[in-house]
Amino acid sequence: MNEQKLPDYGDVVAAAERIAGYANRTPVMTSRTVNEAFGAEVFFKCENFQRMGAFKFRGAMNALLQFTPAQRAAGVVAFSSGNHAQAIALSAKLLGIPATIVMPLDAPAVKVTATKGYGAKVVTYDRYTEDREQIGRDLAQKYGLTLIPPYDHPHVIAGQGTAAKELIEEVGPLDALFVCLGGGGLLSGSALAARHLSPECAIYGVEPEAGNDGQQSFRSGKIVHIDTPKTIADGAQTQHLGAITFPLIQQNVDDILTASDDELIAAMTFFAERMKMVVEPTGCLGFAAARARKAALQGKKVGIIVSGGNVDISRYAALLAG
Ligand SMILES: *Cc1c(COP(=O)(O)O)cnc(C)c1O
């Protein structure tokens, strides 16, 4: 990937133009309770109201809209058990592109059903004995499909950056921005937008406490790999940052913070009770970290990206019931 130019703010602007008309311009919500508790002005960018329920539609759509006619005809392949699978499946359906999604045999039935519901072909693998990246690459090779990875791709990163661009254009420059972090597509894209539109803004990535590979990487200066972390934040169970997302994060982000599962549940409960929003555990990372540091945010203007709302409803109820 070294020979490839890193995406920049111009790519985020181009992505925003490209996906307009397909992606929702999601609402920015506020809560008087939060503002009073923080002594600050807090703005939530609600990607739980994005199409298919998460910001990942932005990056997927931006990538597929740049396919050549030959790539469109042959189709796209992605490996994911989560929101990226649904994002690729829906984007492909809207553009009439055949999609193949590689999912683990034991993926939740709801996710398999949702992905098939968007018309994608689902290929399963055994997550204990098979390598999904290899399966994805083999399918790509064999059938001439284009592989779109969940975060480490310039078009995906530029697309993800459009949410922060919308937020800052709507509410003005921020003092701090909190962004959920898995492999870093959302964080690196958001950071491109925020550095340009609000140069003084402190930009924080937030990952699960049990899987702080991003924090270790950021602080040590090289990409740290970890085992799949045990956390309720299933959208951020990534094992390492990417070859493209990491340098962008190093250049533009101020720090990487963590949130515990208990803090995620407390944030999820607050969203449900006070703001009437269903937010998935991973989508609570930014708010959970901001709450834990609210003393330092007094008098500031704070942006929080709420990244998604896809959670099995019985699991959601069980998590809330504690
Ligand atoms: C994928 C995902 C993330 C993490 O995004 P990355 O680009 O991998 O860092 C955060 N929240 C939700 C809801 C997701 O689906």
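Residues numbered from 1 in each chain as written. Predicted model: local features only at pLDDT ≥ 70, side-chain atom pairs only at ≥ 80, totals over all residues. Heavy atoms only, no water.

If you check an unreviewed UniProt entry, the chain appears there as Threo-3-hydroxy-L-aspartate ammonia-lyase from Kluyvera ascorbata. UniProt's Sequence similarities (unreviewed entry) comment on the chain is quoted here verbatim: "Belongs to the serine/threonine dehydratase family." One UniProt comment on the chain, placed under Cofactor (unreviewed entry), says "pyridoxal 5'-phosphate". (UniProt positions renumbered as here; feature names shortened; annotations may be inferred.)

A. Up close: the sheet that holds strand β2 (residues 41–46). The mixed open sheet is built from 6 strands, whose spatial order is β1-β2-β10-β7-β8-β9. The open sheet has two edge strands, β1 (28–29) and β9 (255–259), and neither has a second partner. The sheet contact formed by strand β8 (residues 202–208) and β9 spans 5 bridges and is parallel. For Val206, the partnering residue across the bridge sits in β9 and is Leu257. (Pairing = 2+ DSSP bridges. Helix = DSSP H or I, 4+ residues; strand = E, 2+ residues; numbered from the N terminus.)

B. Representation of the UniProt feature "domain: Tryptophan synthase beta chain-like PALP" (unreviewed entry) in the chain within the structure. Mapped onto the present numbering, the UniProt feature "domain: Tryptophan synthase beta chain-like PALP" (unreviewed entry) falls on residues 23–308. In this annotation, residues 23–308 is assigned 44% helix and 17% strand; the end-to-end C-alpha distance for the span is 14 Å.

C. Molecular detail of unusual backbone geometry. Notably, Met52 is not glycine yet its phi reads approximately 55 degrees, a positive angle. Mapped onto the elements, Met52 comes out in the loop between β2 and α3 (56–64). With a relative accessible area of 10%, Met52 lands in the buried category. Positive phi outside glycine occurs at Lys276, with the angle close to 60 degrees. (Buried < 20%, exposed > 50% of the residue type's maximum accessible area, 1.4 Å probe, protein only.)

D. A look at the nonpolar core. Within the largest apolar cluster, 36 residues are counted, with the highest numbers of intra-cluster contacts made by Phe44, Phe178, Phe271, Phe287 and Ile304. For this core, the secondary-structure elements that each account for two or more residues are α2 (32–38), β2, β7 (176–180), β9, α13 (261–275), α14 (285–292), β10 (301–306) and α15 (313–321). With 6 residues, the top contributor of residues to this core is α13. (Core = buried A, V, L, I, M, F, W, Y, C linked by side-chain atoms within 4.5 Å.)

E. Quick peek at the side chain of Arg58. Considering the arrangement of structural elements, one finds Arg58 in helix α3. Relative accessible area serves as the criterion here: at 0%, Arg58 is assigned to the buried category. Looking at Arg58, its side chain comes within polar contact range of the side chain of Glu166, at 3.0 Å. The contact partners of Arg58, leaving out residues within four places of it in the chain, are Ile19, Asn24, Thr26, Lys45, Glu47, Gln50, Gly159, Gln160, Thr162, Ala163 and Glu166. (Polar contact = N/O pair within 3.5 Å; in protein donor to acceptor, adjacent residues only side chain to side chain. Contact = heavy atoms within 4.5 Å.)

F. Quick look at the site of the ligand. Close to the ligand lie 15 residues; Lys56, Asn83, Gly182, Gly184 and Ser307 are nearest. Separating an oxygen atom of the ligand from a backbone N or O atom of Gly183 is a distance of 2.9 Å. Between the ligand and Ser307 there is a distance of 2.6 Å, counted from a nitrogen atom to a side-chain nitrogen or oxygen. (Near = heavy atom within 4 Å.)

G. Examining the sheet that holds strand β3 (residues 76–79) more closely. One open sheet accounts for 4 strands, arranged β5-β4-β3-β6; its pairing is parallel. Of all the strands in the sheet, the pair left with one neighbour each is β5 (121–125) and β6 (146–147). Alignment of β3 against β6, held across 2 bridges, turns out to be parallel. By the bridge assignment, Val76 is partnered in β6 with Thr146.

H. Focus on the pattern of salt bridges. With the rule as written, the count across this model stands at 10 salt bridges. Lys165 is paired through a salt bridge with Glu169; the nearest N and O atoms lie 3.2 Å apart. With a gap of 4 residues between them, Lys165 and Glu169 both fall in helix α9 (residues 162–171), about one helical turn apart. For Lys165, a relative accessible area of 12% gives the class buried. When salt bridges with common partners are traced through the structure, they connect Lys45, Glu47, Arg58 and Glu166 into a single cluster. (Salt bridge = Lys/Arg side-chain N within 4 Å of Asp/Glu carboxyl O.)

I. Just helix α1 (residues 9–19), in detail. For α1, every residue scored as buried is listed here: Tyr9, Val12, Ala15, Ala16 and Ile19. Buried residues of α1 fall within an arc of 110 degrees about the axis and therefore sit on the same side. Buried residues belonging to α1 abut α3, α8 (154–160), α9 and α10 (185–197). Sitting at the head of α1, Asp8 places a side-chain oxygen 3.1 Å from the backbone nitrogen of Gly10. Downstream of α1 by a residue or two, Gly21 has a phi angle that is positive, lying close to 95 degrees. (Arc of directions from axis to C-beta.)

J. Spatial organisation of the side chain of Thr162. Here Thr162 shows up in helix α9. Here the side chain of Thr162 touches Gly159 through a polar contact of 2.7 Å, landing on its backbone oxygen. Those residues in contact with Thr162 that sit more than four places away from it in its chain are Val12, Ala15, Ala16, Ile19 and Arg58.

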